[in-house]
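Chain and residue survey
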Amino acid sequence: NLLRTGQEALTNAVRHAGARHIALTLDYQDAAVRLAVTDDGHGLATGPPDGTDGGTKGGFGLPGMRARARTIGAKFNLHSLPGAGTTIELIVPHV
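Definitions and limits used
Residues numbered from 1 in each chain as written. Predicted model: local features only at pLDDT ≥ 70, side-chain atom pairs only at ≥ 80, totals over all residues. Heavy atoms only, no water. Axes fitted to C-alpha atoms, helices over the stretch in contact; angles between N-to-C directions. Helix = DSSP H or I, 4+ residues; strand = E, 2+ residues; numbered from the N terminus. Parallel < 35°, antiparallel > 145°, perpendicular 65-115°, else oblique. Left-handed = near helix turned anticlockwise from the far one by under 90°. Contact = heavy atoms within 4.5 Å. Nonpolar A, V, L, I, M, F, W, Y, C, P; charged D, E, K, R; others polar. Pairing = 2+ DSSP bridges. Expected span 1.5 Å × (residues − 1). Buried < 20%, exposed > 50% of the residue type's maximum accessible area, 1.4 Å probe, protein only. Arc of directions from axis to C-beta.

Turning to the packing of helix H1 (residues 2–15) against helix H2 (residues 61–71), a few remarks are in order. Contact pair H1 / H2: the axes reach a minimum separation of 10 Å and the direction vectors enclose 165°. Classified by the angle between their axes, H1 and H2 sit roughly antiparallel to one another. In the crossing of H1 with H2, the sense of the turn from one axis to the other is left-handed. Here H1 contributes Arg4, Thr5, Glu8, Ala9 and Asn12 to the contact with H2, which in turn contributes Gly61, Leu62, Met65 and Arg68. In terms of residue class, the contact of H1 with H2 is built from three nonpolar, three polar and three charged.

Now for the sheet that holds strand E1 (residues 22–28). Strand order in the open sheet formed by four strands is E1-E2-E4-E3, with antiparallel pairing between adjacent strands. At either margin of the open sheet sits one strand with a lone partner, and together these are E1 and strand E3 (75–80). Direction aside, neighbouring strands of the sheet carry axes that sit 10° apart on average. In this structure, strand E2 (residues 32–39) lies alongside strand E4 (residues 86–93), joined through eight bridges in antiparallel fashion. Note on E4: the bridge partner recorded for Ala36 is Glu89. Most of the contacts of H2 go to E3, to which it runs at about 150°, and overall it touches E3 and E4.

With 14 residues, H1 ought to run about 20 Å at 1.5 Å a step, and its terminal C-alpha atoms sit 20 Å apart, in line with that. Every buried residue of H1 is listed here: Thr5, Gly6, Ala9, Asn12 and Ala13. Along H1, the residues classed as buried sweep out an arc of 125° about the axis, all on the same side. For H1, exposure combined with an orientation more than 90 degrees from the buried face picks out Leu3, Val14 and Arg15. Buried residues in H1 make contact with E1, E2, H2 and E4.

So, in structure tokens, the structure goes:
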């Protein structure tokens, strides 16, 4: 799930956001594993989407990432501003 979420976030940044720079971090923390993908692309014009189509007609990327997070009990965060890029964050708790 971490791999697929990261892959989808990278694909979205390149294909849809026009990002020139992308940073991917994977942190193993005391209580969780945290994946963050940050880009300098266009951002989402309407702010964080409500969960249906990720702000684009017919898109499956963001809803799919949210579904993966729910499946494994992870927290999914999306931070985006028009013209200021996007950060996708997945926090997977571990025991």
